[in-house]
Amino acid sequence: MNSENKVAIITGSAGGLGKAIAERLANDGFNIVVQDINNDLLLETEKEFKEKGYNVISFKSDVSKQKEQEELVKFTVKEFNKLDVFINNAGVDAVTPFLEIDENQLNKLFNINVFGTVYGTQAAAKQFIKQNTKGKIINACSIAGHESYEMLGTYSATKHSVRSFTQVAAKELAKYKINVNAYCPGVAKTKMWERIDEEMVKYDENLNPGDAFEKFSSAIKLGRYQEPKDVANLVSFLASEDSDYITGQSILTDGGLVYR
């Protein structure tokens, strides 16, 4: 393995936006560690990336467990000798009317989206401090971290939390030359949005399949829904030295939908 290249961990990267981010960083010259809880999809992605000539290894774990986030970092350093970038991409959504939000939903979304991000940030930061090097931590926020959406109450609350932890970590870790930022995607044609669309139809008899996606994406000023590469482009910048003077920011990449 080439240990001269920078090393990046991307959680939740067996598919979706995480996979697109991992591929972009591999093309940028990073050694990459793809992580996911879905082992079959993870191994498939690792194989596909290796066939493309990327320097990649995979690690199956649960981001909501602090110990497993620490193990992910240890595994990476054992394989590649160091860590440069940690991307807390793993996340889940839920579509529910506010009065139907239950304990299970709250626990699941906060465990993965919020606790997972905190544990990943802590594990990465401790490694950067141990290495005595600068480092980049990049979190998955959302337009729902700036705006709270009906039917997406729990999801919006978790993403607001991610934005808050991004700011706090950036303030506290700056003295170690660790930058902490977040990317905030909008409306992309991903499996997550397919699920949101399906669930919205269940709760509104006036909606047909595709209507919710159409409603949200039609408001985008640049006139098209988001593609995974739009998000990967921003993350590539945040992972590079070009963003060394940016920290504590949750940057919207939504084509002109939410303005903050």
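Structural data are supplied above this passage.
Residues numbered from 1 in each chain as written. Predicted model: local features only at pLDDT ≥ 70, side-chain atom pairs only at ≥ 80, totals over all residues. Heavy atoms only, no water.

Caption draft 1: Structural detail: the packing of helix H4 (residues 103–131) against helix H5 (residues 153–173). It is at 9 Å that the axes of H4 and H5 come closest, and there the two elements cross at 15°. As far as their axial angle goes, H5 and H4 are roughly parallel. The way H4 lies across H5 gives a crossing that is right-handed. In contact with Gln105, Leu106, Leu109, Phe110, Asn113, Val114, Thr117, Val118, Thr121 and Ala125 of H4, H5 contributes Thr154, Tyr155, Ala157, Thr158, Lys159, Ser161, Val162, Phe165, Ala169 and Leu173. Class assignment of the residues belonging to the contact of H4 with H5 gives a composition of twelve nonpolar, seven polar and one charged. (Axes fitted to C-alpha atoms, helices over the stretch in contact; angles between N-to-C directions. Helix = DSSP H or I, 4+ residues; strand = E, 2+ residues; numbered from the N terminus. Parallel < 35°, antiparallel > 145°, perpendicular 65-115°, else oblique. Left-handed = near helix turned anticlockwise from the far one by under 90°. Contact = heavy atoms within 4.5 Å. Nonpolar A, V, L, I, M, F, W, Y, C, P; charged D, E, K, R; others polar.)

Caption draft 2: Structural view of the pattern of salt bridges. Counting across every chain of the model gives 16 salt bridges. Here Glu51 makes a salt bridge to Lys47, at a shortest N to O gap of 3.1 Å. Placement of the pair is Glu51 and Lys47 together in helix H2 (residues 39–51), with a separation of four residues, close to one helical turn. Its salt-bridge partner being Lys134, residue Asp244 comes within 2.9 Å of it at the nearest N-O pair. A residue pair is termed long-range when its members are at least 10 positions apart, and Asp244 in the loop between helix H8 (228–239) and strand S7 (250–253) and Lys134 in the loop between H4 and strand S5 (135–140) qualify at 110 residues. Taking the relative accessible area as the measure of exposure, Asp244 reaches 31% and is therefore partly exposed. (Salt bridge = Lys/Arg side-chain N within 4 Å of Asp/Glu carboxyl O. Buried < 20%, exposed > 50% of the residue type's maximum accessible area, 1.4 Å probe, protein only.)

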